[in-house]
Amino acid sequence: MNFIGSHILSVTQFDRAAIDRVFEVADRMSPYANRQKVTRVLEGCILGNMFFEPSTRTRVSFGCAFNLLGGEVRETTEIKTSALAKGESFYDTARVLSGYSDVIVMRHRIEGSVDEFASASRVPVLNGGDGSNEHPSQALLDLYTIKKELAGHGKSIDGLRIALIGDLRNGRAVHSLCRLLGLYQDVHFTLISPPELSLGPEYIAGLQAAGHEVVRSEKMHAGISHADILYVTRTQEERFPSQAEADRYKGLFRLNQSIYTEYCEPNTVIMHPLPRDSRDNANELDNDLNENPNLAIFRQTDNGVLIRMALFALILDVADQVDDTARDVNWYTAKRF
Ligand code: NCD
């Protein structure tokens, strides 16, 4: 895979060598993300950060990653304040905004919208999530987290046993992660969801064709008992025809410390792309897990900065220049990682 100047629209662009390259550059970003060193390698470079759907960590961590490389971030966050609300096409918006930025990140509720935008853009576009379709940078940071967590337990991604729980039909993070995991060997997938929210048959067929074992279940307790990783997800209420319809599926699967202690193996790692829905009728991942050392959700969010820095560095072809302008930080830094 040639990263330089490329759009990142789908994880189907990646093979294992490309993933390893991203992870190797991400590892090298740690002193910058950890505020030990400063680099100016992207000084003068502009990111157009365009989020037309709600976002906290994806939007801020893309922006933060760009800032940490020395670049500047321009934010567009609402359709109603952009010309899309006046009927402007993705084509025109992309032609215009790509004249103002060196690289663009975009999130939009319509599947395929980011591809359409990218086809008219004069600069690289990264998919920050297009409807229920894909979320490539989330899947890369999830896989990077899985790799690191497993390494701590002497395991690798090949042979992984993962249980994915919740709204697997609508979760774009799930879709992209399953596709990436499909590139590895002998992954055992347990898919825990109500039948209406099961993972799309095209994803399951792809995993089975690649030789992976896929088991579907509607029962969480049995499904989580032999897993290295639990990947818990939120009911994607914004994808349902009505709130009442979404509410029917909330609270069906709730993981808390007592269930974890009773059913999981001692080192099972708990992940979630976040946000977790902490309202009483949902609460798929209870706060009583917060002190559990195997809860990796905030390691995931920290890793997101490293992965997004790596993607920018590779696409903008500065991965091997990052250290050239490095200096030590000169302010008080709290320990983050
Ligand atoms: C996910 C998303 O937006 O798809 N969030 C994120 O980017 N970390 C998952 C979700 O919203 O449930």
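The rules behind these values
Residues numbered from 1 in each chain as written. Predicted model: local features only at pLDDT ≥ 70, side-chain atom pairs only at ≥ 80, totals over all residues. Heavy atoms only, no water. Helix = DSSP H or I, 4+ residues; strand = E, 2+ residues; numbered from the N terminus. Rg over C-alpha atoms; globule rule 2.2 N^0.38 Å. Buried < 20%, exposed > 50% of the residue type's maximum accessible area, 1.4 Å probe, protein only. Contact = heavy atoms within 4.5 Å. Areas by Shrake-Rupley, 256 points an atom, 1.4 Å probe, with all protein chains shown as cover. Lys, Arg positive; Asp, Glu negative; His and termini not counted. Charge placed at Lys NZ, Arg CZ, Asp CG, Glu CD. Near = heavy atom within 4 Å. Polar contact = N/O pair within 3.5 Å; in protein donor to acceptor, adjacent residues only side chain to side chain. Nonpolar A, V, L, I, M, F, W, Y, C, P; charged D, E, K, R; others polar. Domains from an automatic or database assignment. Arc of directions from axis to C-beta. Buried area = accessible area lost by both parts, 1.4 Å probe. Salt bridge = Lys/Arg side-chain N within 4 Å of Asp/Glu carboxyl O. Pairing = 2+ DSSP bridges. Axes fitted to C-alpha atoms, helices over the stretch in contact; angles between N-to-C directions. Core = buried A, V, L, I, M, F, W, Y, C linked by side-chain atoms within 4.5 Å. Expected span 1.5 Å × (residues − 1).

## Regarding the overall build of the chain
- When its secondary structure is counted, the chain shows twelve helices and eleven strands.
- Relative to the compact-globule value of 20 Å for 337 residues, the chain shows a C-alpha radius of gyration of 20 Å, a close match.
- Each principal axis of the C-alpha atoms in the chain carries an extent, and together these give about 55 × 50 × 40 Å.
- Buried residues in the chain amount to 55% of all 337 residues.
- Restricting the contact set of the chain to residue pairs at least 6 apart, pairs at least 24 apart contribute 76%.
- Accessible area for the chain stands at about 14,400 Å²; split by element, carbon and sulfur atoms hold 48% of it.
- Distance from the positive charge centre (36 side chains) to the negative charge centre (45 side chains) of the chain: 3 Å.

## Notes on the site of the ligand
- Surveying the vicinity of the ligand reveals the residues Arg57, Thr58, Arg107, His135, Gln138, Arg172, Arg234, Gln236, Pro273, Leu274 and Pro275.
- Thr58 is positioned such that a nitrogen or oxygen atom in its side chain is 2.8 Å from an oxygen atom of the ligand.
- The protein chains hide 94% of the 320 Å² of surface that the ligand would expose on its own.
- In terms of residue class, the shell around the ligand is made up of three nonpolar, four polar and four charged.
- In terms of domain composition, the shell around the ligand takes at least three residues from each of domain 1 (11-134 + 301-328) and domain 2 (136-298).

## As for helix 4 (residues 90-97)
- Restricting attention to buried positions, one finds in helix 4 the residues Phe90, Thr93 and Ala94. Projected onto a plane normal to the axis of helix 4, the buried residues spread over an arc of 100° and lie on a single side.
- Of the surrounding secondary structure, the elements contacted by the buried residues of helix 4 are strand 2 (46-51), strand 4 (103-108) and helix 5 (113-120).

## Quick look at the domain arrangement of the chain
- For the chain, the assigned domains read domain 1 (11-134 + 301-328) and domain 2 (136-298).
- One C-alpha centre belongs to domain 1, the other to domain 2; they are set 25 Å apart.
- Listed per partner, the contact involves 30 residues of domain 1 and 29 residues of domain 2.
- Here domain 1 meets domain 2 over a buried area of about 2,600 Å², counting both sides, of which 56% is carbon and sulfur.
- Area buried by domain 1 at its contact with domain 2 is led by Val11, Arg16 and Phe23, which between them contribute 25% of it.
- Where domain 1 touches domain 2, the interface holds four salt bridges.
- Between domain 1 and domain 2 we count 15 residue pairs in polar contact (both at pLDDT 80 or more) in total.

## Some words on the sheet that holds strand 2
- A sheet is described by the order of its strands in space; here four strands give the open sequence 3-2-4-5, paired in parallel fashion. If you trace the sheet from one side to the other, it starts and ends with strand 3 (72-76) and strand 5 (125-130), each paired once. Taking the axes of each pair of neighbouring strands and ignoring which way they run, one obtains an average angle of 15° across the sheet.
- In the sheet, strand 4 pairs with strand 5 via four bridges, with the strands oriented parallel. Bridge pairing in strand 5 places Met106 opposite Asn127.
- Sheet strands in contact with helix 3 (residues 57-68) are strand 2, strand 3, strand 4 and strand 5, and its direction is about 180° off that of strand 2.

## Brief notes about the nonpolar core
- Judged by nonpolar contacts, the single largest core of 72 residues is most densely connected at Phe14, Ile162, Leu164, Phe189 and Phe312.
- Broken down by element, the residue count for this core peaks at ten residues, all from helix 12 (residues 297-315).
- Inspection of this core shows a minimum of three residues originating in each of domain 1 (11-134 + 301-328) and domain 2 (136-298).
- With sequence-adjacent residues up to four places away left out, Phe14 is seen in contact with Met1, Phe3, Ile8, Ile19, Val22, Leu140, Leu180, Leu183 and Leu311.
- The next biggest cluster of nonpolar side chains, apart from the first, holds 19 residues, and it includes Ala163, Met220, Leu255 and Ile297.

## Points about the sheet that holds strand 10 (residues 269-271)
- Judged by pairing direction, the sheet is parallel, and its five strands sit side by side in the order 8-7-6-9-10 without closing on themselves. In the strand order of this sheet, the two ends are held by strand 8 (213-217) and strand 10, each with one partner. This sheet shows a mean twist of 20° between the axes of neighbouring strands, independent of strand direction.
- As judged from the four bridges shared by strand 6 (residues 161-165) and strand 9 (residues 229-232), these two strands associate in the parallel manner. If you follow Leu164 over to strand 9, its bridge partner there is Tyr231.

## A look at the pattern of salt bridges
- Tallied over the full model, the rule gives 20 salt bridges.
- One network of salt bridges, in which partners are shared, links Glu237, Asp247, Lys250, Asp277 and Arg279.

## Description of helix 1 (residues 16-28)
- Taking 1.5 Å of rise per residue, the 13 residues of helix 1 would be expected to cover 18 Å, and the 19 Å separating its terminal C-alpha atoms lies within 8% of that figure.
- What helix 1 keeps buried is the set Ala18, Ile19, Val22, Phe23, Val25 and Ala26. Taken down its axis, helix 1 places every buried residue within 165° of arc, on the same side.
- Tucked into the core, helix 1 has its buried residues touching helix 2 (30-33), helix 6 (136-152), helix 7 (172-181) and helix 12.

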